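# Observations on the three-dimensional arrangement
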Amino acid sequence: MIRVLLPLPIVLPLLAAGFSVVFARYQRLQRLLSIATLVAVVVIAGILLHSADSDGAAVVQLGGWAAPVGISLVADRLSALLLVVSAAVLLSVLLYAVGQGVADGRRSRVAVFHPCYLVLAAGISMAFLTGDLFNLFVAFEVMLVASYVLITLDGGAEQIRAGMTYVVVSLLASVLFVTAIGLVYAATGTVNMADAAVRLEDAPDGVRLVLGLILLVVFGIKAAIFPLFSWLPDSYPTAPSPVTAVFAGLLTKVGVYAILRTQTLLFPDEQMISNVLLVIAILTMVVGILGALVQDDLKRLLSFTIVSHIGYMLFGLGLASGAGLAGAILYTVHHIVVQTTLFLVAGLIERREGTSSLARSGGLQHVAPLLAVLYLLPALSLAGIPPLSGFLAKLGLLQAGLDDGGGLALAAVAAAIATSLLTLYAVGRAWSAIFWGPVVEVVPDDNPSDRLVVGTARTPRLMAAAAAAVVAGGLAITVIAGPLYGLSARAADDLVTPDRYVQAVLP
Amino acid sequence: MTGNLTLALLIGVLYTVGTYLLLQRTLTRIVIGLGLLSHGANLLLLQAGGPPGLAPFTSKGNVGTAGVDTADPLPQAMVLTAIVITFGVTAFLLAMAYRSWVLTGDDEVQDDVEDTRVAKMRPEIAHHDVEDEL
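Analysis parameters
Residues numbered from 1 in each chain as written. Chains lettered and ligands numbered in written order. Predicted model: local features only at pLDDT ≥ 70, side-chain atom pairs only at ≥ 80, totals over all residues. Helix = DSSP H or I, 4+ residues; strand = E, 2+ residues; numbered from the N terminus. Buried ≥ 20, exposed ≤ 12 C-beta atoms within 10 Å, placed from the backbone. Contact = placed C-beta atoms within 7 Å. Rg over C-alpha atoms; globule rule 2.2 N^0.38 Å. Nonpolar A, V, L, I, M, F, W, Y, C, P; charged D, E, K, R; others polar. Axes fitted to C-alpha atoms, helices over the stretch in contact; angles between N-to-C directions. Parallel < 35°, antiparallel > 145°, perpendicular 65-115°, else oblique. Left-handed = near helix turned anticlockwise from the far one by under 90°.

## Section: the overall build of chain B
In terms of regular secondary structure, chain B is built from five helices and zero strands. Relative to its full complement of 134 residues, chain B shows a buried share of 22%. Pairs at least 24 residues apart make up 51% of the contacts formed inside chain B by residues separated by at least 6 positions.

Below, the structure written as structure tokens:
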């Protein structure tokens, strides 16, 4: 049963994307198809998570070829957990986008949006489920090609300028990835991750170190770690807000997942890389948040907080302990939900105010009190105010850092606390600029012919409901924090004993 | 595993030239640079399969002796996939470069918005400093 379900999170969206192109003229059918597909993926991911947690990792060898030759799909606790969260987020953002599209009527050119969105979903699922390094490359490409189209959806000058940076940087990362795969194949003769993990144990130390660092750079570009992040705040804010929301929540986290998976499975106990990771974590947290402090545009400000908070996940990984990894996994789940919410709400604010500039907004709490609540909850959660999910995730990481007790770990703890306070300052500054003060005049839509309708008091119910649903999802993380941390700890336990993964794939 | 020195040197040259072109300001050069870089990476992946041998599945006699004097088919399959992917993305990149040319009238990479803003602020700061000194 599980073996049948395992490939479906990849196959279903791809099939639906094909049909979606066929039905390009029937927008209502397209919408129904996308929503039904993503609902199915959420359900399947839930079943996979339940099975992975109770019966251990599920493995399917595609095409019936045994592990080192064929391509393996693996759903262990980490993969399945991230799959559930990402599928739920993809569904909510889709509803938000549909709400926006329906409300704005026939002016929207959404025919290409639905197929690309489904291909993006398939790529993300594939990246989480694959157990093969080359297949991971293909998954990244599937995901990225869809994202190239989505980020340049309007084809305006601004989108092309930002999209160019994004595509060139991503393509360069892909070239590096092919290089890394070539070197791994030359060293081990395999691209199956479980098989490579066994064979790399016998490789010389220098070779292991070089391969580990090249893969770190490759995935570091996708995850936007210091100093490879400068493409992100430039390219994300120009896309339509649902697209930015899903990119912010998921694409960088796929990079983080790839770092977690490869470093723990292929290069365990590599003290050198762990130290490098801790230093990078500190720099990513601090530099990212300092960038956020000086921004005037809400979307750019939030983009810098993405970069900054990637540092927390690296911090957990750099500790190389079960507790650190558990904190990193919980933090990833929290951050996917909260960062997506913030971008969705930023979209609602921009729609209402006609601008996302802090200087030109004000007094929104008098006009739209519900919007103020929707912004405040995830913003405080991002900063780590108890009892919201950000506080719990940070608490896990800080405790793991203090338990470690090393000099670098303590420095990272200090940096994490400072970043947390500065995040509160950054989101608080945006809060006071947008919601407090006198009510300012709405900025008129500077480009009324494009897809994006701004400066209107008419907020579609579906958009607000989808944003509220993700906010509620963020609050739910607090409610189920105990079981969720337990699950993260079990997933982290799997990561620190890579033998289990190898045993599951190579019986 | 034995390598091929000529190919290794060629891969090095492709990476070097590709990186140089990628650092230029003209979009067409960047596209060509990325093409050369990906050729280099594909050749590297092909090299990782070891020296060329007989085609693995040509005659019945070869099947049982795979790995002895036959070529490794896996890197070849992977390189084919990588080539197709690069082809598609390069086509998209060219379309974007064309769109950029239509919109702006030249194919230079545009200045970064934030950098431009910072650069515009600089003379003001310098100006204030001068005033303070006076």
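Additional details are given in the paragraphs that follow.
## With respect to the overall build of chain A
Counting its regular elements, chain A contains 21 helices and two strands. Compactness check: chain A gives a C-alpha radius of gyration of 22 Å against a globular reference of 23 Å for 507 residues, within 12% of the reference. Overall, chain A is about 65 × 55 × 40 Å in size when its C-alpha atoms are taken along their principal axes. Burial statistics for chain A: of 507 residues in total, 61% are counted as buried. Within chain A, contacts between residues at least 6 apart in sequence are counted, and of these 79% link residues at least 24 apart.

## Considerations on the interface of chain A and chain B
Chain A puts 24 residues into the contact, and the matching count from chain B is 28 residues. Of all the elements in the fold, those that place two or more residues in the side of chain A that touches chain B are α6 (133–151) and α7 (157–188) of chain A. Ranked by residue count, the leading element in the side of chain A that touches chain B is α7(A), at 16 residues. Taken together, the residues of the side of chain A that touches chain B break down into 16 nonpolar, five polar and three charged.

## Digging into unusual backbone geometry
Residue and element names in this part refer to chain A. Omega for the peptide link from F226 to P227 comes to -5 degrees, which places this bond in the cis form. With respect to the helices and strands, P227 occurs in the loop between α9 (205–223) and α10 (232–235). Look at the link from P386 to P387: it is a cis peptide, with omega at 5 degrees. The backbone of A224 sits at a positive phi, close to 60 degrees, despite the residue not being glycine. Mapped onto the fold, A224 is located in the loop between α9 and α10. Since 25 C-beta atoms lie within 10 Å of it, A224 is described here as buried. Of note in the backbone geometry, A320 takes a positive phi value of approximately 55 degrees without being a glycine. Within the element layout of this structure, A320 appears in the loop between α13 (298–319) and α14 (322–353).

## Focus: helix α8 (residues 193–200) of chain A
Residue and element names in this part refer to chain A. Burial analysis of α8 places six of its eight residues in the buried class, the great majority of the element. Every buried residue belonging to α8 is among M193, A194, D195, A196, A197 and L200, and all of these are buried. Buried residues along α8 sit in contact with α6, α7, α9, α11 (241–266) and α21 (499–505).

## Focus: the packing of helix α5 (residues 113–129) of chain A against α6(A)
Residue and element names in this part refer to chain A. For the pair α5 and α6, interaxial distance at closest approach is 8 Å and the crossing angle is 155 degrees. With respect to their mutual orientation, α5 and α6 come out roughly antiparallel. Note that α5 runs across α6; the crossing there is left-handed. Here α5 contributes C116, V119, L120, A122, G123, I124, M126 and A127 to the contact with α6, which in turn contributes L136, A139, F140, V142, M143, A146, S147, V149 and L150. When grouped by side-chain class, the residues that make up the contact of α5 with α6 number 15 nonpolar, two polar and no charged.

## With respect to the environment of A:S321
Residue and element names in this part refer to chain A. Tracing the backbone through its elements, the reader meets S321 in the loop between α13 and α14. Overall, the presence of 19 C-beta atoms within 10 Å leaves S321 in the partly exposed class. For the pair S321 and F304, spaced 17 residues apart in the sequence, the C-alpha separation amounts to 28 Å. The residues touching S321, leaving out its near neighbours within four places in the chain, are A400 and D404.

## Thoughts on the packing of helix α16 (residues 369–383) of chain A against helix α18 (residues 407–435) of chain A
All names here are of chain A. In the contact formed by α16 and α18, the axes pass within 8 Å of each other and the chain directions differ by 165 degrees. Considered as vectors, α16 and α18 are oriented roughly antiparallel to each other. Regarding α16 and α18, the two cross each other, and that crossing is right-handed. Only S420, T423, L424, V427, W431 and F435 of α18 make contact with α16, whose side of the interface consists of A372, Y375, L376, A379, L382 and A383. Here the residues of the contact of α16 with α18 are counted per class, giving ten nonpolar, two polar and no charged.

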